[in-house]
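Structural overview for review
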Amino acid sequence: MPEQYIGLQEIINKQLEVAQPVLAEEQMEQMNFTLIEALHTNKQVYLTYYKRGRCITETGFIQFVDSPGDSFIFIDDIFELKNKMRLSELIDVRLA
């Protein structure tokens, strides 16, 4: 019986997966400006990113941005953990 539930859960998870959105150049530039502004003003942001077939939104503070290295570091609002992420995984960034 438990194997059936695991199999059903895997099927449901596969159906919920979405393709990673493709962003226009101007959208990526705007997100970069927002990241830099949030870094310099220490404002909280809403980050939406793509991970394993899902779009996830979190709130946090930007600590470091490395545009040439395609990465940034943010501290999430709930657990106050540092998270390193690739800029290419970002879908949207908005100031809170």
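You'll find the structure just up there.
This text gives an overview of the structure that appears in the document. Computed from a predicted structure; not experimentally measured.

Criteria and cut-off values
- Residues numbered from 1 in each chain as written.
- Predicted model: local features only at pLDDT ≥ 70, side-chain atom pairs only at ≥ 80, totals over all residues.
- Heavy atoms only, no water.
- Pairing = 2+ DSSP bridges.
- Helix = DSSP H or I, 4+ residues; strand = E, 2+ residues; numbered from the N terminus.
- Axes fitted to C-alpha atoms, helices over the stretch in contact; angles between N-to-C directions.
- Contact = heavy atoms within 4.5 Å.
- Expected span 1.5 Å × (residues − 1).
- Buried < 20%, exposed > 50% of the residue type's maximum accessible area, 1.4 Å probe, protein only.
- Arc of directions from axis to C-beta.
- Core = buried A, V, L, I, M, F, W, Y, C linked by side-chain atoms within 4.5 Å.
- Salt bridge = Lys/Arg side-chain N within 4 Å of Asp/Glu carboxyl O.
- Polar contact = N/O pair within 3.5 Å; in protein donor to acceptor, adjacent residues only side chain to side chain.

Points about the sheet that holds strand E5 (residues 90–95)
Read across the open sheet, the 5 strands follow the order E4-E3-E2-E1-E5; overall the sheet is antiparallel. The sheet is open, and its two edges are formed by strand E4 (82–86) and E5, each paired on a single side. In this sheet, neighbouring strand axes are inclined to one another by 45° on average, regardless of whether the strands run parallel or antiparallel. As judged from the 8 bridges shared by strand E1 (residues 44–51) and strand E2 (residues 54–66), these two strands associate in the antiparallel manner. Across the sheet, residue Tyr46 finds its bridge partner in E2, namely Thr59. On the sheet, helix H2 (residues 25–41) packs against E1, E2 and E5 and is oriented at approximately 45° with respect to E5.

Looking at H2
Counting along an α-helix, one turn takes 3.6 residues, and residues three or four places apart therefore face a common direction. In a regular helix each residue adds 1.5 Å, so 17 residues correspond to 24 Å; H2 covers 24 Å between its end C-alpha atoms and thus fits that length. Within H2 the residues assigned to the buried category are Met31, Thr34, Leu35 and Ala38. Projection of H2 onto a plane perpendicular to its axis shows the buried side chains occupying an angular sector of 100°, all on one side. For H2, the exposed residues set more than 90 degrees away from the buried face come down to Glu25, Glu26, Phe33 and His40.

Details of the nonpolar core
One finds Leu35, Leu47, Ile62, Phe72, Leu90 and Val93 to be the most contacted residues of the largest nonpolar core, which totals 15 residues. For this core, the elements supplying multiple residues, two or more each, are H2, E1, E2, strand E3 (71–76) and E5. In this structure Phe72 touches Leu47, Ile62, Phe64, Val65, Asn83, Lys84, Met85, Arg86, Leu87 and Leu90, once residues within four positions along its chain are discounted.

Examining the pattern of salt bridges
Side-chain pairs of opposite charge can arise whenever the charged atoms involved come near each other. Under the counting rule described, the total for this entry stands at 2 salt bridges. Measuring nitrogen to oxygen at the nearest pair gives 3.4 Å for the salt bridge that ties Arg86 to Asp70. Of this pair, Arg86 sits in strand E4 while Asp70 sits in the loop between E2 and E3, and the two are 16 residues apart along the sequence. Residue Arg94 pairs with Asp92 through a salt bridge whose shortest N-O separation is 2.8 Å.

Re the pairing of E4
With 5 bridges connecting them, E3 and E4 associate as antiparallel partners. Counted as the bridge partner of Ile75 is Lys82 from E4. Hairpin connection between E3 and E4: a loop of 5 residues separates the two successive antiparallel strands, and Glu80 in this loop has a positive phi of roughly 55°.

Considerations on the side chain of Thr48
Note that Thr48 resides in strand E1. A relative accessible area of 17% means that Thr48 is categorised as buried. Within the structure, Thr48 has its side chain in polar contact with the side chain of Thr57 (distance 3.0 Å). If we ignore the near neighbours within four places in the chain, the residues touching Thr48 are Cys55, Ile56, Thr57, Glu89, Leu90, Ile91 and Asp92.

All quantities given are derived from atomic positions and should not be read as evidence of function.
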